[in-house]
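Spelled out, the chains give:
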Amino acid sequence: MSDFAEFILEGKSYKYPIVVGTEDEKAIDISTLRADSGFITLDPGYKNTGATKSAITFLDGEQGILRYRGYPIEQLAANSSFIEVAFLLIYGTLPTQQELDEFSNKITLHTLVNEDMRKILDGFPSTAHPMGILAALVSSLTAFYPESLNPNQSKEEVDLSIVRLIAKISTIAAWSYKNSVGHPVNYPKNNLDYCSNFLQMMFAFPTENYEVNPVVVDTLNKLLILHADHEQNCSTSTVRLVGSANASLYSSVSAGISALWGPLHGGANQAVIEMLEEIKKDGGDSKKFIAKAKDKNDPFRLMGFGHRVYKNFDPRAKIIKKAADDVLTALGIKDPILDIAKELEAAALTDQYFIDRKLYPNVDFYSGIIYRALGIPTDMFTVMFALGRLPGWVAQWKEMRENKEPIGRPRQVYVGETERDYVPIENR
Ligand code: CMC
């Protein structure tokens, strides 16, 4: 293979280096194209644009492969804990027992948030969506830790910001739920692991004893691992773009949370359950909704179906479908929505429209059913996604910073008016 690509533009030849990744992914480095020729490339939605070289996550959408730092997602979901995977993503290697203990202990010791944050929380009406609260409170960490705003923080200072964020986001997330139901907040408990502590902050009541169910803890670990990173998706690209302006970790992640909220991205898990509920209420005829999804005059889309990069199957969806069956059986829950989801999946997978467009269930199709079984309310689903995605955002922000990447600044092709003179208001 040639090690350069040649473009002929207006009769002139330009050569650009071919960059090959460790998994043989090929790219043309056109970073000097405009300076050389006056041309830019146009790629709305960045469908074909590599924004960075990254060593964190490998994804092959055609073959349904997902690996964090080289380790297959199937192995990590089966054997690892969320905190171990967070360490792997952020620091690049699986931790030794001592490294894992130290990392876990540090996180445990930072789960408490400043009491003044409760005053900010109190200012939100109970109708506030927990994702809005999460984005606002994560951004407000800059007020409590102003040193995080310094773009020249040392490695140790960055590590402390990272530990604080992973620790405090679980408290903030649980408190955002407590706010929405008007209940008093629960404080973190240092004798519990990350997932158990989050569950007690979500579900314990002052009037009752709360026992953490190990099945729920295992399932939560699995779900968070499956969501932990997904290379340059919308929210992660947002985190890197915001961070590239030297914005703090907290501001960058807050922006990522806002991006994740959208129903075409992380908000899909909430949208899936709402869709399945709608189908159930309508009599459970999945064929009718498949027809709606295919109708170009109907804005309805099958939520939880399709993916920008997976065009064969989403490996996370495979694991989650099995986990949904397992956890519902273990908890003795019969959810009619799971049957509707399976019916809908079977109908879509044999329908030519979905086959032609390579549309398969994605990670969000079954995750909502599991969250429901764990007792997590629907408008908290995307918050759960954010909790899981945090290590990925952190790892990507850190990589961007360590690689000293330039500020992100796409160009455009201007298609507006050419120059014209201002018209006084009385003459318009
Ligand atoms: N239902 C019906 N038709 C669909 C769907 C769907 N869920 N997804 C894509 N299509 C059709 C689309 O209409 C288009 O058809 P045509 O070629 O005839 O115009 C074709 O498939 C390609 O779709 P696209 O919108 O160009 O594909 P994209 O890569 O830009 O969008 C997507 C990917 C995930 C935004 C889209 O599939 C979608 O909206 N899915 C539903 C929302 C969802 O589940 N999002 C969660 C994604 S996974 C979690 C995450 O990582 O964020």
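As the structure is a computational prediction, the values presented were derived from the model and not from experiment. (Residues numbered from 1 in each chain as written. Predicted model: local features only at pLDDT ≥ 70, side-chain atom pairs only at ≥ 80, totals over all residues. Heavy atoms only, no water.)

In terms of domain boundaries, the protein chain breaks down into domain 1 (4-50) and domain 2 (72-203 + 249-259 + 383-402). Taken over C-alpha atoms, the centre of domain 1 sits 38 Å from the centre of domain 2. (Domains from an automatic or database assignment.)

Turning next to a nonpolar patch on the surface. There is a patch of nonpolar side chains on the surface, built from L42, V413 and V415 and spanning about 340 Å² of accessible area. Positionally, L42 belongs in the loop between α1 (33-37) and β4 (57-60). (Patch = residues over 30% accessible without salt bridge, like charges linked within 9 Å, V, L, I, M, F, W, Y side chains within 5 Å. Areas by Shrake-Rupley, 256 points an atom, 1.4 Å probe, with all protein chains shown as cover. Salt bridge = Lys/Arg side-chain N within 4 Å of Asp/Glu carboxyl O. Helix = DSSP H or I, 4+ residues; strand = E, 2+ residues; numbered from the N terminus.)

We now examine helix α4 (residues 97-109). Spanning 13 residues, α4 covers 18 Å between terminal C-alpha atoms, matching the ideal 18 Å at 1.5 Å per step. Of all the residues in α4, the buried ones are L100, F103 and I107. The buried residues of α4 occupy one face: seen down the axis, they fall within an arc of 70°. Exposed side chains of α4 directed beyond 90 degrees from the buried face belong to Q97, Q98 and L109. Looking at the buried side of α4, the elements it contacts are α3 (82-91), α7 (155-181) and α8 (194-203). (Expected span 1.5 Å × (residues − 1). Buried < 20%, exposed > 50% of the residue type's maximum accessible area, 1.4 Å probe, protein only. Arc of directions from axis to C-beta. Contact = heavy atoms within 4.5 Å.)

What follows deals with the sheet that holds strand β3 (residues 26-28). Ordered in space as β1-β2-β3, the three strands form an open sheet in which the pairing is antiparallel. Only two strands of the sheet have a single neighbouring strand rather than two, namely β1 (4-9) and β3. When strand polarity is set aside, the average angle formed by the axes of neighbouring strands in this sheet is 30°. Sheet analysis places strand β2 (residues 12-20) next to β3, joined by three bridges and oriented antiparallel. Bridge pairing in β3 links V19 to A27. (Pairing = 2+ DSSP bridges. Axes fitted to C-alpha atoms, helices over the stretch in contact; angles between N-to-C directions.)

This part is about the packing of aromatic side chains. A full pass over the atoms with the stated rule returns 15 aromatic pairs. For the pair F305 and F354, a centre-to-centre distance of 5.8 Å together with 70° between the ring planes defines the contact as edge-to-face. Of the two residues, F305 is situated in the loop between α13 (286-294) and α14 (315-331) and F354 in helix α16 (residues 352-356); the sequence distance between them amounts to 49 residues. A connected cluster of aromatic rings, assembled from ring pairs, spans F305, Y353, F354, F365 and Y366. It is K178 that lies over the ring of F205; its NZ or CZ is 4.8 Å from the centre. Directly above the aromatic system of F313 lies the positively charged group of K318, at a separation of 4.4 Å from the ring centroid. (Phe/Tyr/Trp six-rings, centres within 6.5 Å; stacked < 30°, edge-to-face > 60°. Lys NZ or Arg CZ within 6 Å of the ring centre and 35° of its normal.)

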